[in-house]
Amino acid sequence: MLFVKIFWIFSQIGIFNFGGGYAMISLIYNDVVVKNHWLTSSEFTDIVAISQSTPGPIGINAATYTGYVAVVNAGFPHWAGIISAVIASLAIIWLPFILMICISHYLLNHKDSPIVKDIFAALRPAIIGLIAAAAIMLMNKDNFGSPHEDMFSFAISIALFAAAFVATRFYKANPILVLALCGIVGLIVY
Amino acid sequence: MLLKFFLTCNKIGAFTLGGGYAMIPIMEQEFVDKNHWMERQEFMDIMVVAQTTPGIFSIDMASHIGYKMKGVWGGIVGAIGIALPSIIMILLIAMFFHTFKDNIYVAKFFRGARPAVVALIAAPCFKMAKTANINRYNCWIPIVCCLLIAAMGVSPIWIIIAAGISGFLYGKYKRKRNNIKD
């Protein structure tokens, strides 16, 4: 039953993913953490960090990883996790794949359709809101700590967040380098 | 030729860090310059289509090229070719990490990395705002979408459906109005 649900949810995520890797993270977070509680918020952030720092499309990395962890968290053995990871990865691919093949087929005839252009003109701003929402929802106790419990680590979290934000936003820093440096800071100060 | 295409896709999947857009120059080099599977103009056209259709960018690209070469099976070879190295690599990491995540040093490392992950997600919003032509007349769209999801718990899927339908209707209305003027 869990496998069917994983397949169904990741199929949805695949077909509604218009904004690339980060928009997909927002969709996965909503379904996997908020709605179904298969993963905790901090487990999810760890998965995003690993998906970012390993080669390959972030969406596939995140789907494979989430599929595995969700099933293992539910108390199933490793082999069931492997099957679930493969199911999640294929689920995320198959619907867009069929769509893409149809588009490839008809591309020469309908390239500059005004209707398609209108739809995407409205989708692009909405996707920015979607990604911002994922960032805001992840600014929680799991990822930043709490100022009431441990002021020191909360301040460090805020500082690391600010440094990473400035580095990627204004200096186009390599994301893997940013994650590695923040991780090393964690190793030293905690 | 299909085997060579499969191995090329494996290579792209296995050696490109950073996902989606970081893969473009490598795909261009492999598909256009080295193997001449498509023209540069065609590569640009497909890039736009892959960006505007749902799904994973690099997989869309590989599906199209595969389809062009050998039909639907060619497309499947391309899509699986890109995804396979990721699936294997992530599975190995997941099995390893799941047993070692309670290790104190691993835990400390990720405690530092977590705020950075959130920053990495937040930062591209501003760059994307530029490409989506956000100005003071339409800046309410991303803000409202963000509030609906983060504060009211609306599923992002509904936001995407609503945005697509409104874009379609607004475009139709705009064309109708212009036709009357002409």
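Small disclaimer: the values here were computed from a predicted structure and weren't measured.

Caption draft 1: How the structure looks around the overall build of chain B. When you go through chain B residue by residue, the secondary structure sums to 8 helices and 0 strands. Walking chain B from its N terminus toward its C terminus, one meets helices and strands in the order α-α-α-α-α-α-α-α. The C-alpha radius of gyration of chain B comes to 21 Å, more than 25% above the 16 Å expected for a compact globule of 182 residues. Principal axes of the C-alpha set define a box for chain B whose edges measure 60 × 50 × 25 Å. Taking all contacts inside chain B whose residues are at least 6 apart in sequence as the whole, residues at least 24 apart take part in 47%. On chain B, roughly 9,800 Å² of surface is accessible, and the fraction owed to carbon and sulfur atoms is 68%. Placing the 19 positive and 9 negative side-chain charges of chain B at their respective mean positions leaves the two points 11 Å apart.

Caption draft 2: Fine view of the overall build of chain A. Along the backbone of chain A there are 9 helices and 0 strands. Walking chain A from its N terminus toward its C terminus, one meets helices and strands in the order α-α-α-α-α-α-α-α-α. Across its three principal directions, the C-alpha atoms of chain A cover 60 × 45 × 30 Å. Considering chain A as a whole, with its 190 residues, one finds that 56% of them fall into the buried category. Here the analysis covers contacts within chain A between residues at least 6 apart in sequence; of these, 58% occur between residues at least 24 apart. Put simply, chain A shows about 8,000 Å² of open surface, and 72% of that area lies on carbon and sulfur atoms.

Caption draft 3: Up close: the interface of chain B and chain A. Residue-level contacts link 84 residues of chain B with 101 residues of chain A. Buried surface at the junction of chain B and chain A, summed over both partners, amounts to about 8,100 Å²; 79% is from carbon and sulfur atoms. Where chain B touches chain A, the interface holds 2 salt bridges. Salt-bridge contacts for Asp46 of chain A lead to Arg114 of chain B; the nearest nitrogen and oxygen are separated by 2.9 Å. Taken together, the links from chain B to chain A amount to 9 residue pairs in polar contact (both at pLDDT 80 or more). Secondary-structure elements contributing two or more residues to the side of chain B that touches chain A are helix H1 (2–15), helix H3 (40–52), helix H4 (57–100), helix H5 (104–122), helix H6 (124–131), helix H7 (140–150) and helix H8 (156–181) of chain B. When residues of the side of chain B that touches chain A are assigned to their parent elements, the largest contribution, 23 residues, is made by H4 of chain B.

Caption draft 4: The domain arrangement of chain B, seen in detail. Here chain B is partitioned into domain 1 (2–133) and domain 2 (137–182). Relative to domain 2 of chain B, the C-alpha centre of domain 1 of chain B lies at a distance of 29 Å.

Caption draft 5: Broad picture of H4 of chain B. Compared with an ideal rise of 1.5 Å per residue, which puts 44 residues at 64 Å, H4 of chain B spans 32 Å between its outermost C-alpha atoms and falls more than 12% short. In H4 of chain B, a bend of some 145 degrees at Lys70 of chain B exceeds every other bend along the element.

Caption draft 6: Layout of the pattern of salt bridges. Residue and element names in this part refer to chain B. Evaluated as defined, the whole model comprises 8 salt bridges over all chains. We note a salt bridge from Glu30 to Lys11, for which the minimum N-O separation is 3.0 Å. One end of the pair, Glu30, is in helix H2 (residues 24–34); the other, Lys11, is in helix H1, with 19 residues separating them in the sequence. Residue classification places Glu30 among the buried positions, given a relative accessible area of 5%. On the basis of relative accessible area, Lys11 is assigned to the partly exposed category, the value being 37%. In this structure, the salt-bridge partner of Arg40 is Glu28, at a minimum N-O distance of 2.6 Å. With Arg40 in helix H3 and Glu28 in helix H2, this pair connects stretches of sequence that are 12 residues apart. In the salt-bridge network here, residues are joined through shared partners; they are Lys11, Glu30 and Lys34.

Caption draft 7: Highlighting the confidence of the model for chain B. Residues and elements named next belong to chain B. For chain B, per-residue confidence averages 83 on the pLDDT scale, and residues scoring 70 or more make up 95% of the total. For chain B, H3 is the element with the lowest average pLDDT, namely 74, and H7 is the one with the highest, namely 91. The ipTM, which scores confidence in the relative placement of chains, is 0.74 for this predicted complex, and the corresponding pTM is 0.74.

Caption draft 8: Spatial organisation of the environment of Ala62 of chain B. Residue and element names in this part refer to chain B. Note that Ala62 resides in helix H4. Assessed through its relative accessible area of 0%, Ala62 is described here as buried. Between the C-alpha atom of Ala62 and that of Tyr173, which follows or precedes it by 111 residues, the distance is 37 Å. Once residues lying within four places of it in the same chain are set aside, the contact partners of Ala62 are Phe5, Cys9, Gly78, Ala79 and Ile82.

Cut-off values and rules
- Per-chain numbering applies: the sequence of each chain, read as written, is numbered from 1 onward.
- Whichever chain is written first is A, and whichever ligand is written first is 1; the rest continue in order.
- Whole-chain, interface and lining totals are the exception, using all residues; otherwise, since this is a predicted model, local features are given only for residues with pLDDT of at least 70 and side-chain atom pairs are given and counted only at 80 or more.
- By convention in this description, side-chain values take in all heavy atoms of the structure and omit both hydrogens and water.
- A run of H or I in DSSP counts as a helix once it spans at least four residues, and a run of E counts as a strand once it spans at least two, with each numbered from the N terminus.
- For a compact globule the rule gives 2.2 Å times the number of residues to the power 0.38, and the radius of gyration it is set against comes from C-alpha atoms.
- Two residues form a contact once any of their heavy atoms are found within 4.5 Å.
- Here the open area of atoms and residues is found with the Shrake-Rupley method and a 1.4 Å probe, where only the protein chains shown may cover a residue.
- When charges are counted, Lys and Arg are positive and Asp and Glu negative, with His and the chain ends excluded.
- The atom standing in for a charge is NZ when the residue is Lys, CZ when it is Arg, CG when it is Asp and CD when it is Glu.
- Here the term buried applies to any residue with accessible area under 20% of the maximum for its type, exposed to any over 50%, and partly exposed to those in between, with areas from a 1.4 Å probe on protein chains only.
- What gets called buried area is simply the loss in accessible area from a 1.4 Å probe that two parts show on being joined, summed for both.
- Any carboxyl oxygen of Asp or Glu that lies within 4 Å of a side-chain nitrogen of Lys or Arg is treated as forming a salt bridge with it.
- In the analysis that follows, any N or O atom pair within 3.5 Å is treated as a polar contact, provided that within protein one partner can donate a hydrogen and the other can accept it, and provided that, for residues neighboring in sequence, both atoms belong to side chains.
- Domain segmentation is taken from an automatic or database assignment of domains.
- The span expected for a helix works out to 1.5 Å for each residue beyond the first.
- Note that bend, as reported per residue, equals the angle between axes fitted to the 7 residues terminating at that residue and the 7 residues originating from it.
- Values of pLDDT, the confidence the predictor places in each residue, fall between 0 and 100.

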